[in-house]
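Residue-level structural notes
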Amino acid sequence: MVARTPQNWPNMLHASAYAVTLHYLKAVAALGMARAKASGRGVVAQMKAMPTDDDAFGAGAIRADGRGLFPAYLFEVKPLAARQQPWDLYTLRAETPAAQAVHPLGFDGCPLGR
């Protein structure tokens, strides 16, 4: 794909789509295809019950209200002179743990968080 679109760099939306799709497929595998086909709610419950883990966001979880629990990162874009590889675009400046990066459960009044 990169050969066809060399300036089309993957971004946060691509990473999120990859991560959620991978987690969904892991939940379907854990339930079994027949049970997953029979109940979409069952798949969502399984997704919330099992930890997330992927190359884009690492270990995390999905809360009862459906919010993903992942660390938040602050990156700085590197100047051209500091880049050593084609994808060497950012420097990590800070990381906020998931427990501090996401508002508390029930904060927004969502009935799923109760």
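Located above this text is the structure these notes cover.
Let me sum up the structure you'll find in this document. Just so it is clear, the structure is predicted and the values come from calculations on it, not from any experiment. (Residues numbered from 1 in each chain as written. Predicted model: local features only at pLDDT ≥ 70, side-chain atom pairs only at ≥ 80, totals over all residues. Heavy atoms only, no water.)

1. Considering the side chain of D65
Note on placement: D65 falls in the loop between β2 (58-62) and β3 (68-69). A distance of 2.9 Å separates polar atoms of two side chains, one belonging to D65 and the other to R63. Only 3.2 Å separates the side chain of D65 from the backbone nitrogen of R67, close enough to count as a polar contact. (Helix = DSSP H or I, 4+ residues; strand = E, 2+ residues; numbered from the N terminus. Polar contact = N/O pair within 3.5 Å; in protein donor to acceptor, adjacent residues only side chain to side chain.)

2. Let's talk about the packing of helix α1 (residues 12-31) against helix α3 (residues 40-49)
Running from N to C, α1 and α3 cross one another at 110°; their axes reach a closest spacing of 9 Å. As the angle between them shows, α1 and α3 are arranged roughly perpendicular. Facing V20, H23, Y24, A27, V28, A30 and L31 of α1, the residues of α3 in contact are G42, V43, Q46 and M47. (Axes fitted to C-alpha atoms, helices over the stretch in contact; angles between N-to-C directions. Parallel < 35°, antiparallel > 145°, perpendicular 65-115°, else oblique. Contact = heavy atoms within 4.5 Å.)

3. A look at the packing of aromatic side chains
Where two aromatic rings form a pair, the distance of their centres and the angle of their planes describe that pair. Following the criterion strictly, the structure yields 3 aromatic pairs and no others. With 6.0 Å between their ring centres and 45° between their planes, Y73 and F75 make a pair best called tilted. A relative accessible area of 38% places Y73 in the partly exposed class. An aromatic cluster of at least three residues, connected via ring pairs, comprises Y73, F75 and Y90. (Phe/Tyr/Trp six-rings, centres within 6.5 Å; stacked < 30°, edge-to-face > 60°. Buried < 20%, exposed > 50% of the residue type's maximum accessible area, 1.4 Å probe, protein only.)

4. Description of the sheet that holds strand β1 (residues 52-54)
Pairing is antiparallel in the open sheet, where 3 strands are placed in the order β1-β2-β3. Two strands in the sheet have a free side with no partner beyond their single neighbour: β1 and β3. The pairing of β1 with β2 spans 3 bridges and is classified as antiparallel. For D53, the partnering residue across the bridge sits in β2 and is A59. Across the sheet, α1 is in contact with β1 and β2; its angle to β1 comes to roughly 120°. (Pairing = 2+ DSSP bridges.)

5. So, the environment of P10
Secondary-structure assignment places P10 in the segment before α1. P10 gets classed as partly exposed once you look at its relative accessible area, which sits at 47%. Taking the C-alpha atoms as reference points, P10 and W87, separated by 77 residues in sequence, lie 9.9 Å from one another.

6. Considerations on the layout of surface pockets
Empty space within the largest pocket amounts to approximately 510 Å³. Along the wall of the largest pocket there are 14 residues; nearest its centre are P10, N11, M12, F75 and Y90. When contributions to the lining of the largest pocket are tallied by element, the ones reaching two or more residues are α1 and β4 (72-77). Take the lining of the largest pocket: its biggest share by element is 3 residues, from β4. Its residues assigned to classes, the lining of the largest pocket shows 13 nonpolar, 1 polar and no charged. (1 Å grid on protein atoms, 1.4 Å probe; cavity = no way out; pocket = protein on both sides within 12 Å on 5 of 7 lines; lining within 4 Å. Points joined across faces, edges and corners; volume = space filled by probe spheres on them. Nonpolar A, V, L, I, M, F, W, Y, C, P; charged D, E, K, R; others polar.)

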